[in-house]
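Results of the structural survey
Listed here are the chains, written in short residue letters.
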Amino acid sequence: MTITPSLWPRPMPLRRFLSQLWTTGCAASGSRLSSDGYAPQPVIGPDSVEVLGRSYTRDDFTNVTAKILAKVGRNLHNQSYHPLWLIKERIKAHFYSSYVGRWGNPLFSVHDNLSPVVTTEQNFDSLLIPPDHPSRKRGDNYYLNRTTMLRAHTSAHQKELVSSGLDAFLLAGDVYRRDEIDASHYPVFHQIEGVRLFTDHELFSQVQNGSDLSLFEQGGRRTPQKQENHSLEAMKLVEFNLKETLTRLVTHLFGEDVEVRWVDCYFPFTHPSFEMEVRFQGDWMEVLGCGVMEQELLNSGAGNKLGWAFGLGLERLAMVLYGIPDIRLFWSQDERFLRQFRVNDVQQPVCFQPLSKYPPLHNDISFWLPDGEAGQESFTKNDFYDLVRSIGGDLVEKVSLVDDFKHPKTGRRSQCYRIIYRHMERTLTQKEVRLVHERIERAAETELGVQGRY
């Protein structure tokens, strides 16, 4: 995955493994989807966008497409015996059995049905992401309007859950990001994240002379190891608990012999921050991002506590653990795919048996970018990728930039993209692919302002 600096990572690179194999104003924030899975059909009108039964006024930031809105409400992570459901249930079962309150009830609550329509305040501001941060770019997100969007990470709900009084929870859901097109990237994917908060007593009760220790210190300074208002003792204990918890989780998923290492990194909402990597098929593979929560995030309702948070991608784990080679397969309704995951026990190993590999067809598209420096800067690859997805849908397996040319005299830039088409369930003909490709060519000129060279 491409790591967006503001978000829990969407871990990549995955390609080499495929070859071997993280509302106020918007009532949607705390709303839940219907438990029976039904969701009203989305509608994109000239003045408004309707999704999940609510209408949002369009403006100059609106860029969500019908193809993307059609995924809202599918909730693959809640469909019984879907591979993403299996991974979610395995993680949930592990936390339920391993972490129990004093009355025998599970310590962690689970929230997997929150609406993906959130405010920009939820998605960015509530997580301390600066107003000028590149992760807010229109080209990287799906906006309903300037103040409402499809969440780019499940962390968008973190503040509301902490403010409601929860101090140990798992949160799973679909997230949306404009991205490149290949076997390991899809504009809709699924995350699960966890949060655990500690009081003085919970953190220090098992420590000798723990009653003399405090979560916080006055006049402290921020270092690479701690935040300015955290005591070093408290931070070290929280970090230890975080890493121990996640090591137990990946051991549960990958097996007792799994090798784990930690890499220091940066997220705006945690400090210190880490990425966990596991050794898989001879290579180190990033599986999740985590860290000690920024205290400012907790001051709205849990200012007397310290906590950690982590986030990971369900597709990522399912592709590796089950050997699924193409991320598009998760959206397949082909019975040959789905029946492989109908197991008696969610812990039962599954080794995906590939469907017939239908032959690919590729077509190139070349065009001049819009004239002038401003015009060229207004064009982004993600705009083109999204246009291709909107027209070609899941027929498109991969889009790659194969040539980027600047005319030495005029200064005009030309780009050539190769689009690989492959149906997951049947053989495509060049005739039907050409019809789709011609629609992409026409739409690129009318919607993106490019000039075709075909």
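Residues numbered from 1 in each chain as written. Predicted model: local features only at pLDDT ≥ 70, side-chain atom pairs only at ≥ 80, totals over all residues. Heavy atoms only, no water.

**Regarding the overall build of the protein**
Here is the rule we go by: Numbering of helices and strands starts at the N terminus; helices are DSSP runs of H or I of at least 4 residues and strands are runs of E of at least 2. C-alpha atoms define the radius of gyration, and 2.2 Å times the number of residues to the power 0.38 defines the globule rule. Note on exposure labels: buried denotes an accessible area under 20% of the residue type's maximum, exposed denotes more than 50%, and partly exposed covers the range between, all computed with a 1.4 Å probe on protein chains only. In short, Shrake-Rupley with a 1.4 Å probe defines the accessible areas, and a residue's cover is counted only from the protein chains shown. Residues counted as positive are Lys and Arg, residues counted as negative are Asp and Glu, and His and the chain ends are not counted. Taken as the charge centre is NZ of Lys, CZ of Arg, CG of Asp or CD of Glu, depending on the residue.
Tallying secondary structure elements over the protein gives 13 helices and 17 strands in all. Taken against the 2.2 N^0.38 rule, which gives 22 Å for 454 residues, the C-alpha radius of gyration of the protein at 23 Å falls within 12% of a compact globule. By its C-alpha atoms, the protein is 75 × 50 × 45 Å across when sized along the principal axes. Burial analysis of the protein (454 residues in total) assigns 55% to the buried set. Summed over all atoms, the accessible surface of the protein reaches about 19900 Å², with 48% contributed by carbon and sulfur. Across the protein, 52 positive and 57 negative side-chain charges occur, with their mean positions spaced 5 Å apart.

**Quick notes on the sheet that holds strand β6 (residues 143-145)**
So the rule is basically this: Strands are labelled as partners when DSSP assigns at least two bridges between them. To define axes, lines are fitted to C-alpha atoms, for helices over the stretch in contact only, and angles between the resulting N-to-C directions are given on a 0 to 180 degree scale.
Strand order in this open sheet of three strands is β5-β7-β6, and the pairing throughout is antiparallel. What marks the edges here is a single partner per strand, and that holds for β5 (117-119) and β6. Neighbour-to-neighbour, the strand axes of the sheet open up by a mean angle of 30°, direction not taken into account. Two elements, β5 and strand β7 (residues 148-150), share three bridges in a ladder whose sense is antiparallel. In the sheet register, Val-118 faces β7, and the bridge partner there is Met-149.

**Observations concerning the nonpolar core**
One broad rule of soluble globular proteins: the nonpolar side chains tend to lie buried together. Under the convention used in this document: Residues belong to a common nonpolar core when they are buried Ala, Val, Leu, Ile, Met, Phe, Trp, Tyr or Cys residues joined through side-chain atoms within 4.5 Å. Working rule for contacts: check all heavy atoms of both residues, and any pair within 4.5 Å makes them a contact.
In this structure, Ile-91, Leu-150, Leu-312, Ile-324 and Phe-330 are the most contacted members of the largest nonpolar core, which totals 73 residues. Not counting residues up to four positions away in its chain, the partners in contact with Leu-150 are Val-64, Ile-68, Leu-69, Val-72, Pro-116, Val-117, Tyr-142 and Tyr-176. In terms of nonpolar packing, the next biggest core, distinct from the first, is built from 24 residues, Phe-379, Tyr-385, Val-396 and Val-450 among them.

**What to know about the pattern of salt bridges**
To keep it simple, the criterion reads: We define a salt bridge as a contact between a side-chain nitrogen of Lys or Arg and a carboxyl oxygen of Asp or Glu at a distance within 4 Å.
For the structure on display, the rule yields 28 salt bridges. Among the ionic pairs, Arg-412 bridges to Asp-371, the shortest N-O distance being 3.0 Å. Of this pair, Arg-412 sits in the loop between β15 (396-406) and β16 (413-421) while Asp-371 sits in the loop between β14 (361-368) and α11 (372-378); the two residues are 41 residues apart in sequence, bridging distant segments of the chain. A relative accessible area of 23% places Arg-412 in the partly exposed class. Taking the relative accessible area as the measure of exposure, Asp-371 reaches 57% and is therefore exposed. The closest approach of N and O atoms between Glu-397 and Arg-422, which form a salt bridge, is 2.6 Å. Of this pair, Glu-397 sits in strand β15 while Arg-422 sits in the loop between β16 and α13 (430-448); the two residues are 25 residues apart in sequence, bridging distant segments of the chain.

**Quick look at unusual backbone geometry**
For residues besides glycine, phi is generally negative; the peptide bonds are generally trans as well. With an omega of -5°, the peptide bond running from His-271 to Pro-272 counts as cis. Tracing the backbone through its elements, the reader meets Pro-272 in strand β11 (residues 270-280).

**Things to note about the sheet that holds strand β3 (residues 54-57)**
Here we have three strands laid out as an open sheet, ordered β1-β2-β3, and antiparallel in their pairing. A single partner strand is all that each edge strand has here, and the edge strands are β1 (43-44) and β3.

**A short note on the packing of helix α3 (residues 83-98) against helix α7 (residues 232-254)**
For clarity, the threshold we go by: Each angle is binned into one of four classes, with values under 35 degrees roughly parallel, values over 145 roughly antiparallel, values of 65 to 115 roughly perpendicular, and all other values oblique. In this scheme the crossing of two helices becomes right-handed for a clockwise turn of the near helix relative to the far one and left-handed for an anticlockwise turn of less than a right angle. Residue polarity follows a fixed list, in which Ala, Val, Leu, Ile, Met, Phe, Trp, Tyr, Cys and Pro are nonpolar, Asp, Glu, Lys and Arg are charged, and the others, Gly among them, are polar.
In contact at an axis separation of 10 Å, α3 and α7 are set at 125° when each is read in the N-to-C sense. By the criterion of interaxial angle, the relationship of α3 to α7 is oblique. In this structure, the crossing between α3 and α7 has a hand that is right-handed. Residue-level inspection shows Arg-90, Ile-91, His-94, Phe-95 and Ser-98 of α3 in contact with α7, the latter providing Thr-245, Arg-248, Leu-249, His-252 and Leu-253. Taken together, the residues of the contact of α3 with α7 sort by class into four nonpolar, four polar and two charged.

**As for the side chain of Glu-441**
With respect to the element layout, Glu-441 can be found in helix α13. Overall, Glu-441 belongs to the buried group, its relative accessible area being 7%.

**Side note on the pairing of strand β13 (residues 306-313)**
Look at any regular strand and the pattern is simple: side chains alternate between the two faces of the sheet. The element β13 is largely enclosed, with a buried count of eight among its eight residues. Bridge count between strand β9 (residues 188-198) and β13: eight bridges; the pairing is antiparallel. By the bridge assignment, Gln-191 is partnered in β13 with Gly-313. Where strand β12 (residues 283-293) and β13 come together, five bridges link them in antiparallel fashion. Bridge pairing links Cys-290 to Phe-310 in β13.

**Some details on the packing of aromatic side chains**
Keep this limit in mind: Think of it this way: a Phe, Tyr or Trp ring, Trp meaning its six-membered ring, pairs with another when their centres are within 6.5 Å, and the plane angle makes it stacked under 30 degrees, edge-to-face over 60, tilted otherwise. Charges are assigned to positions over rings by a cutoff of 6 Å between ring centre and Lys NZ or Arg CZ, combined with an angular limit of 35 degrees from the ring normal.
Counted according to the given criterion, the structure contains 21 aromatic pairs. Pairing Phe-337 with Phe-352 gives two aromatic rings, centres 5.7 Å apart and planes at 70°, and the pair type is edge-to-face. On the criterion of sequence distance, the pair formed by Phe-337 in helix α10 (residues 335-338) and Phe-352 in the loop between α10 and β14 is long-range, its members being 15 residues apart. A single burial state applies to Phe-337 and to Phe-352, both of which are buried. Grouping aromatic residues by their ring pairs yields a cluster made of Phe-95, Tyr-99, Phe-108, Trp-308 and Phe-310. The side chain of Lys-71 reaches across the aromatic face of Trp-331, ending 4.6 Å from its centre. Arg-389 extends its terminal NZ or CZ atom over the ring of Tyr-186, reaching a point 5.4 Å from the ring centre.

Structural measurements only, silent on function.
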